[in-house]
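What follows is each chain in one-letter form.
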Amino acid sequence: MALAVLTAGGLYFFIPEAFRVSDATKVVYPALLVVLLAVLMVADPGRIDRDSRRLRFATGLLLGVITLGSGVSTVRLVVGILQKADFATPTDLLTVGLVVWITNVIAFGLWYWHLDRGGPAARAADRAGFVPAFHFPEEDLVVAQEQGWFPQFVDYLALSFNTSTAFGAADVSAVRHWSKLWLMTESVISLTLVALVVARAVNVL
């Protein structure tokens, strides 16, 4: 999870000013992510298993910052393509599109990880009382259950990646209404980005 957050912060440097919140956020945005991530790691080092409202709030704030940066870049990229913004080469356009797409995958993966079954701490403690938002195929394997398997961040990142590439959740089933709507939203965003970026790249040639 920490590596994914740092990746999202690093990718922000590759987004041109026209597609960022503002020019100042080129430094402020990654720095804020690092500070919030450091707070979480200091408060709950190692595997995330400490259940705290303050930590949940800090995590939500961190994900909100990533979502804001990703959302603004996505909207500005789509609007820029529709308004025929200038791109020097198809490579420049594809690079920006890829960076925005990857950041969206990370953002959705983090939200799935943060919200499903009460969050990572509740899942690590095997706390009952939370209705799953997603059903993973490992949950049907006796061996996996005997080994104490529970979904971790990489599982949610894979779910997000599959949704953005195949426009579906693959072998994972969405159980709750909000999880179905979020998968639909991610699919629509990804489909829009891919279609517009590729079509515009062809026109730039």
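Definitions and limits used
- Residues numbered from 1 in each chain as written.
- Predicted model: local features only at pLDDT ≥ 70, side-chain atom pairs only at ≥ 80, totals over all residues.
- Heavy atoms only, no water.
- Phe/Tyr/Trp six-rings, centres within 6.5 Å; stacked < 30°, edge-to-face > 60°.
- Helix = DSSP H or I, 4+ residues; strand = E, 2+ residues; numbered from the N terminus.
- Buried < 20%, exposed > 50% of the residue type's maximum accessible area, 1.4 Å probe, protein only.
- Core = buried A, V, L, I, M, F, W, Y, C linked by side-chain atoms within 4.5 Å.
- Contact = heavy atoms within 4.5 Å.
- Axes fitted to C-alpha atoms, helices over the stretch in contact; angles between N-to-C directions.
- Parallel < 35°, antiparallel > 145°, perpendicular 65-115°, else oblique.
- Left-handed = near helix turned anticlockwise from the far one by under 90°.
- Nonpolar A, V, L, I, M, F, W, Y, C, P; charged D, E, K, R; others polar.
- 1 Å grid on protein atoms, 1.4 Å probe; cavity = no way out; pocket = protein on both sides within 12 Å on 5 of 7 lines; lining within 4 Å.
- Points joined across faces, edges and corners; volume = space filled by probe spheres on them.

**Here we look at the packing of aromatic side chains**
Argument step 1. Applying the stated criterion across every chain, the model contains 13 aromatic pairs.
Argument step 2. Look at Tyr 112 and Phe 134: their rings are 5.2 Å apart centre to centre, the planes differ by 70°, and that puts the pair in the edge-to-face class. Placement of the pair is Tyr 112 in helix α4 (residues 90-115) and Phe 134 in strand β1 (residues 134-135), with a sequence separation of 22 residues. Assigned by exposure class, Tyr 112 and Phe 134 land together as buried.
Argument step 3. With 6.4 Å between their ring centres and 50° between their planes, Tyr 112 and Trp 182 make a pair best called tilted. Taken together, the residues span a long stretch of sequence, with Tyr 112 in helix α4 and Trp 182 in helix α8 (residues 177-204) at a distance of 70 residues.
Argument step 4. When its relative accessible area of 28% is taken as the criterion, Trp 182 is described as partly exposed.

**As for the nonpolar core**
Argument step 1. Among the nonpolar cores identified, the biggest contains 44 residues, and Ile 66, Leu 77, Leu 110 and Phe 134 are the most heavily contacted of them.
Argument step 2. Secondary-structure elements contributing two or more residues to this core are α1 (2-11), α2 (25-43), α3 (53-82), α4, α7 (153-166) and α8.
Argument step 3. With 11 residues, α4 is the single largest residue contributor to this core.
Argument step 4. Ile 66 has contacts with Val 5, Ala 8, Tyr 29, Leu 33, Ala 107 and Leu 110, leaving out every residue within four places of it along the chain.

**Some thoughts on the packing of α4 against α7**
Argument step 1. Axis separation between α4 and α7 bottoms out at 8 Å; the angle between their running directions is 135°. Judged by the inter-axis angle, α4 sits oblique to α7. Here α4 and α7 pass one another in a crossing that is right-handed. For the pair α4 and α7, contact is made by Trp 101, Asn 104, Val 105, Ile 106, Phe 108, Gly 109, Leu 110, Tyr 112 and Trp 113 and by Phe 153, Tyr 156, Leu 157, Leu 159, Ser 160, Phe 161, Ser 164 and Thr 165, respectively.
Argument step 2. Looking at side-chain class alone, the contact of α4 with α7 contains 12 nonpolar, five polar and no charged residues.

**A short note on empty space enclosed by the protein**
Argument step 1. Tallied over the full model, the rule gives one cavity of 30 Å³ or more.
Argument step 2. A volume near 30 Å³ is recorded for the largest cavity.
Argument step 3. Looking at the lining of the largest cavity, the elements with two or more residues in it are α4 and α8.
Argument step 4. In terms of residue count, α8 provides more of the lining of the largest cavity than any other element does, four residues in total.

**Considering the packing of α3 against α4**
Argument step 1. Packing of α3 against α4 brings their axes to within 9 Å, and their N-to-C directions diverge by 150°. As summarised for this structure, α3 and α4 are arranged roughly antiparallel, according to the angle between their axes. Where α3 crosses over α4, the handedness of that crossing is left-handed. Between α3 and α4, the contacting residues are Arg 56, Thr 59, Gly 60, Leu 63, Gly 64, Ile 66, Thr 67, Ser 70, Ser 73, Thr 74, Leu 77 and Ile 81 on the first element and Leu 93, Val 96, Gly 97, Val 100, Thr 103, Asn 104, Ala 107, Leu 110, Trp 111, Trp 113 and His 114 on the second.
Argument step 2. For the contact of α3 with α4, the per-class residue count stands at 11 nonpolar, 11 polar and one charged.

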